[in-house]
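Chain by chain, the residues run as shown.
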Amino acid sequence: MATVSKNIFWQSIAAFLQIYTGGIVFILLAKIMTIEEFGILSFGFSFSTLLATCLDFGQSLMIMKDYPQKLFPNSEYILNSLAQKIVLIVFFCGLFLLYLYVFYAGEWLVIGQLFVLFAVVSAYVLYLQAVLRVKNKFKDASFSIIAYATVISLLVFLIYKDQLTTIEFIKYMIVAKLFQLVVTILYCKEIFIKNWFNVGIQKHLLKYSWSYGAHFIFGTFYFTVDTQIIALLLNAEDVALYQSIFRIIYIFLIVSDVASNVLLPYLSSKYANDQSIDELSGNVLYLLLVLGSSLFLFFTFFYREIINILYTAEYIEAYPLVLPLSIVILLRTSASIYGTLLTISNNQVNRVKVVFLSMIASIAFNLIIIPYYGIVGSAWISVIVHLLLFVGYQWYSRIDFPKINIITAPNVTVVLIAFLFVVLDRLINIHNIYLSIFMFVFWGILIAFLMKKHQKLTILNKILKDKGVV
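Below or above, wherever it landed, is the structure these notes cover. (Residues numbered from 1 in each chain as written. Predicted model: local features only at pLDDT ≥ 70, side-chain atom pairs only at ≥ 80, totals over all residues. Heavy atoms only, no water.)

Okay, the overall build of the protein next. Of regular secondary structure, the protein possesses 15 helices and zero strands. The 470 residues of the protein split such that 55% are buried. For the protein, restricting intrachain contacts to residue pairs at least 6 apart in sequence, the fraction spanning at least 24 positions comes to 85%. Just so you have it, the protein exposes about 21,400 Å², and 69% of that area is on carbon and sulfur atoms. (Helix = DSSP H or I, 4+ residues; strand = E, 2+ residues; numbered from the N terminus. Buried < 20%, exposed > 50% of the residue type's maximum accessible area, 1.4 Å probe, protein only. Contact = heavy atoms within 4.5 Å. Areas by Shrake-Rupley, 256 points an atom, 1.4 Å probe, with all protein chains shown as cover.)

Rendered as structure tokens:
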């Protein structure tokens, strides 16, 4: 049986590969392609991400709650979910193709159509990846991503050598994603059985999946709508500056998602076995605050070096976006435990309410603020929206988990020290990398001391040695 620590190790490998395929490859393509080619390709990726999110309809999240709780026979549940995707494909692909035909033509239309196919394959890969994780096969899930990353690397090399056009590159990307799907299916081959159709499972999916689907769709929209409004109200340069920092934040959030992807099925299994998880969840919250604060400080200490390495001198103007969008890392990381608790306790509807309100707030505030304060104003609106998300998640989770106390001395100490370090760094204002390294190392030593003092290191070690889903 895989332990939590082993699951985190393999999920970390998967996260690194996501960073590579979704972040590093993007940066390489931006340097290889013309601005126009990269712009159209970016449109296709964004388009397929939204469609794949709709096609998944929250099923990859729902299985992480249902599977450990053994509500239905495992293989039947998985195959009925896969079958239901056919209906989702017909409906959402029809809507997205209609959108393409109405608003686009020429190369944009061709690339959009190709990315529809890419999104369909991606949706099945996404779900089967969740199946592997919930079955404690984090290692297999990582190897299926390696298969895709290997082919993508070859394609980037070929386009660098001018041996592929943009459309050819996209077609081979679809082949790469199909290859990943085949590999993932082979790792999941034991799920395929005869006489799998189950009316009860279909009714269960219809009754509960809408809340997961709405959460996925609203969640994707609220987190990306600011970029769309910037493009509408400002100009391409502002979009580029905002996206340059947003792409880095995305990489840091993948790192923080490692813990969430492992802990969701882990806590769900504990909850299904009627084990009290209030104390455990409180300790997990503390650990996530430490993780989020560390990522927050790392970016605020070293953002100049990171941006200078990844981008050109033109992106220095994006420096003011770093502090607010770094705070978003802390808020999203620490809020993930409350989102997990809402999911495993069958309160996904409340999670949808919070995400929907966050989406509405993001749209309204950005429309008001951006014309006056530009992309900096939008970045601070993102902080407000994520604070609303955190408070909403915490408020609803108190119904089933009233013993989880966020205002504790260890929790408050971690956050206050993190912000104190940021204030100190801004006051010194020397921009010396060696000083930044010293401060970050000192932060690590101080946090290790506090964790030992509050016995959090012992608790962390116990969690890491515990079994995964049982």
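Let's pick the thread back up.
Attention now goes to the packing of aromatic side chains. What describes a pair of aromatic rings is the distance from one ring centre to the other and the angle between the planes of the rings. This model, assessed by the stated rule, comprises 18 aromatic pairs. Taking 5.1 Å as the distance between ring centres and 55° as the angle between the ring planes, the aromatic pair formed by Phe 218 and Phe 356 counts as tilted. In this pair, Phe 218 sits in helix H8 (residues 199-233) while Phe 356 sits in helix H12 (residues 348-397), placing the two residues 138 residues apart along the sequence. The class of Phe 356 is partly exposed, set by a relative accessible area of 35%. Note on Tyr 338 and Phe 390: the rings are 5.7 Å apart at their centroids and 90° apart in plane angle, and the pair reads as edge-to-face. With Tyr 338 in helix H11 (residues 322-344) and Phe 390 in helix H12, this residue pair connects regions lying 52 residues apart in the sequence. Comparing Tyr 338 with Phe 390, the two get one shared label, buried. Linked through ring pairs, Phe 252, Phe 298, Phe 299, Phe 301, Phe 302 and Phe 440 together constitute an aromatic cluster. (Phe/Tyr/Trp six-rings, centres within 6.5 Å; stacked < 30°, edge-to-face > 60°.)

One way to put it is that helix H10 (residues 278-310) packs onto helix H14 (residues 433-453) with a least axis distance of 10 Å and a crossing angle of 175°. Accordingly, the angle class assigned to the pair H10 and H14 is roughly antiparallel. Taken together, the residues of H14 that come into contact with H10 (itself represented by Tyr 286, Leu 287, Val 290, Ser 293, Ser 294, Leu 297, Phe 298, Phe 301, Phe 302 and Glu 305) are Ile 433, Ser 436, Ile 437, Met 439, Phe 440, Trp 443, Ile 447, Leu 450 and Met 451. A breakdown of the residues in the contact of H10 with H14 according to their chemical character gives 15 nonpolar, three polar and one charged. (Axes fitted to C-alpha atoms, helices over the stretch in contact; angles between N-to-C directions. Parallel < 35°, antiparallel > 145°, perpendicular 65-115°, else oblique. Nonpolar A, V, L, I, M, F, W, Y, C, P; charged D, E, K, R; others polar.)

To continue, consider a nonpolar patch on the surface. A cluster of nonpolar residues, Leu 233, Phe 365, Leu 367, Ile 368 and Ile 384, forms a patch on the protein surface that exposes about 430 Å² of accessible area. With four residues, the top contributor of residues to the nonpolar patch is H12. Considering the arrangement of structural elements, one finds Ile 384 in helix H12. In this structure Ile 384 comes out as partly exposed when scored by relative accessible area, which is 45%. (Patch = residues over 30% accessible without salt bridge, like charges linked within 9 Å, V, L, I, M, F, W, Y side chains within 5 Å. Salt bridge = Lys/Arg side-chain N within 4 Å of Asp/Glu carboxyl O.)

Let us now look at helix H7 (residues 166-187). For H7, built from 22 residues, the straight-helix expectation of 32 Å at 1.5 Å per residue is met to within 8% by its first-to-last C-alpha distance of 32 Å. Buried within H7 are the following residues: Thr 166, Phe 169, Ile 170, Met 173, Ile 174, Ala 176, Lys 177, Gln 180, Leu 181, Val 183 and Thr 184. (Expected span 1.5 Å × (residues − 1).)

Attention now goes to the nonpolar core. Formed by 76 residues in total, the largest nonpolar core has its most connected members in Ile 245, Phe 299 and Ile 307. No other element matches the 17 residues that H10 contributes to this core. Filtering out sequence-adjacent residues up to four positions away, Phe 299 remains in contact with Ile 245, Ile 248, Ile 249, Phe 252, Ile 306, Val 322 and Ser 326. Ranked by size, the runner-up nonpolar core spans 60 residues in total, among them Leu 100, Leu 109, Val 131 and Val 156. (Core = buried A, V, L, I, M, F, W, Y, C linked by side-chain atoms within 4.5 Å.)

Glancing now at the state of the cysteines. On inspection of all chains with the given rule, the structure shows zero disulfides. Considering cysteine sulfurs only, Cys 93 is the nearest to Cys 54, which forms no disulfide, with 9.6 Å between them. What makes Cys 54 buried here is its relative accessible area of 5%. With relative accessibility at 9%, the residue Cys 93 sits in the buried group. (Disulfide = S-S within 2.5 Å.)

Scanning the entire structure with this criterion turns up one salt bridge. For Asp 56, the salt bridge goes to Lys 85, with nearest N and O atoms at 3.9 Å. Highlighted residues: Asp 56 in helix H2 (residues 35-56) and Lys 85 in helix H4 (residues 74-103), separated in sequence by 29 residues. Summarising the burial analysis for this pair, Asp 56 and Lys 85 share the class buried.

Bringing H4 into the picture now. The terminal C-alpha atoms of H4, which comprises 30 residues, lie 43 Å apart, in line with the 44 Å expected from a rise of 1.5 Å per residue. At Leu 88, H4 shows its strongest bend, of approximately 30°. (Bend = angle between axes of the 7 residues up to and from the residue.)

The next point concerns the side chain of His 386. With respect to the helices, strands and loops of the structure, His 386 is situated in helix H12. Excluding residues within four positions of it along the chain, His 386 makes contact with Tyr 222, Phe 223, Val 328, Leu 331 and Arg 332.

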